[in-house]
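Residues per chain are reported as follows:
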Amino acid sequence: MSASQPSATAPPAVDPRFDLLETTMKRLGYSKSALIEILHSAQEVFGYLPNELLTHVAKRLKLPPSQVYGVATFYHQFSFTPLGEHICTVCMGTPCYVKRAEDIINQIQATFKVAPGETSADGKLSVRAARCVGSCGLAPVVIIDSTVIGKESPEAIVGRLQTLLQTPQEVAR
Ligand code: FES
């Protein structure tokens, strides 16, 4: 876990991130049907969904923890371990798959020694595989941090990551 990513297990009263999440839950009326949106918000705020956070959400929405765990683990986009400084998500939906998404994953893994679902030992890069991210016309789609990249070769994606990991700046557009 990086220094900028303090423990998610701190009591809600002393961790301002819980206030952000509370604001979202309040805006959504603590609705049980908003669970997925709330989990997305929790992941954005905390970077991942540790058990204590899922338990907290379950408590606030008055849902059985098993239901919250069940929903969170069903969806690929949720992560249960701390993520790296940079996040590379490779879409593995069918249109992206046929446009060499698997080659992108393989070349990233070969170059940076990080498999989907893992974070590099130095904490700089997390790699994730996603189902369709909704931009099939750009296949293969890769999202590096908040930048959506389409129609690039595995070599170009690896090049972007190499540049990004060498400099603490935004990915080159
Ligand atoms: S399958 Fe990759 S964006 Fe739809």
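Residues numbered from 1 in each chain as written. Predicted model: local features only at pLDDT ≥ 70, side-chain atom pairs only at ≥ 80, totals over all residues.

**Here we look at the nonpolar core**
Formally: Core membership is restricted to buried Ala, Val, Leu, Ile, Met, Phe, Trp, Tyr and Cys residues, and these are joined into a nonpolar core through C-beta atoms within 7 Å. To sort residues by burial, count the other C-beta atoms lying within 10 Å of each one's C-beta; a count of 20 or more means buried, 12 or fewer means exposed, and anything in between means partly exposed. C-beta atoms are built from the backbone. In this description a helix means any DSSP run of H or I spanning at least four residues, a strand means any run of E spanning at least two, and both kinds are numbered starting from the N terminus. Contact between two residues is assigned whenever their backbone-derived C-beta positions fall within 7 Å.
If you look at the biggest cluster of nonpolar residues, it comprises 20 residues, and the most contacted ones within it are C88, V90 and I108. Residue assignment for this core shows that the elements contributing at least two residues are β1 (86–91), α6 (101–112), β3 (125–130), β4 (141–144) and α7 (154–166). Ranked by residues supplied to this core, first place goes to α6 with 4 residues. Contact partners of I108, with chain neighbours within four places excluded, come to C88, V114, V127, I157, V158 and L161. Counting residues in each nonpolar core, the second largest holds 13 residues, with L21, I38, A42 and L53 among its members.

**Looking at the pairing of β3**
Spelled out, the test is: At least two bridges found by DSSP between two strands is the condition for calling them paired.
Most of β3 is tucked away: 5 of the 6 residues are buried. Here β1 runs beside β3; their pairing, made up of 6 bridges, is parallel. Bridge assignment links V90 to a residue of β3, and that residue is A129. Note: strand β2 (residues 118–119) against β3, 2 bridges, orientation antiparallel. Along β3, the bridge assignment pairs T119 with S126. Between β2 and β3, which follow one another and run antiparallel, lie 5 residues, and G123 among them has a positive phi close to 75°.

**Observations regarding the sheet that holds strand β5 (residues 147–150)**
Threshold: Inter-axis angles, ranging from 0 to 180 degrees, are taken between N-to-C directions of lines fitted to C-alpha atoms, where helices are fitted over the stretch in contact.
The strand order across the open sheet formed by 5 strands is β2-β3-β1-β4-β5, and the pairing between neighbours is mixed. Looking along the sheet, the strands with just one partner apiece sit at the ends: β2 and β5. As defined by bridge partners, β1 adjoins β4 across 3 bridges and the pair is classed as antiparallel. Looking across to β4, one finds that C88 is bridged to I144. Packing of α6 onto the sheet brings it into contact with β1, β3 and β4, and relative to β1 it is tilted by some 150°. On the sheet, α7 packs against β1, β3, β4 and β5 and is oriented at approximately 0° with respect to β4.

**Looking at unusual backbone geometry**
Residue P140 is bonded to the preceding A139 through a cis peptide linkage, with omega at 0°. Mapped onto the elements of the fold, P140 is located in the loop between β3 and β4. The phi torsion at K62 lies on the positive side, around 55°, for a residue other than glycine. Secondary-structure assignment places K62 in the loop between α3 (51–61) and α4 (65–74). Look at K62 and you get exposed, because 8 C-beta atoms sit within 10 Å. Of note, K113 is a non-glycine position whose phi angle comes to about 60°, a positive value. Tracing the sequence through the fold places K113 in the loop between α6 and β2.

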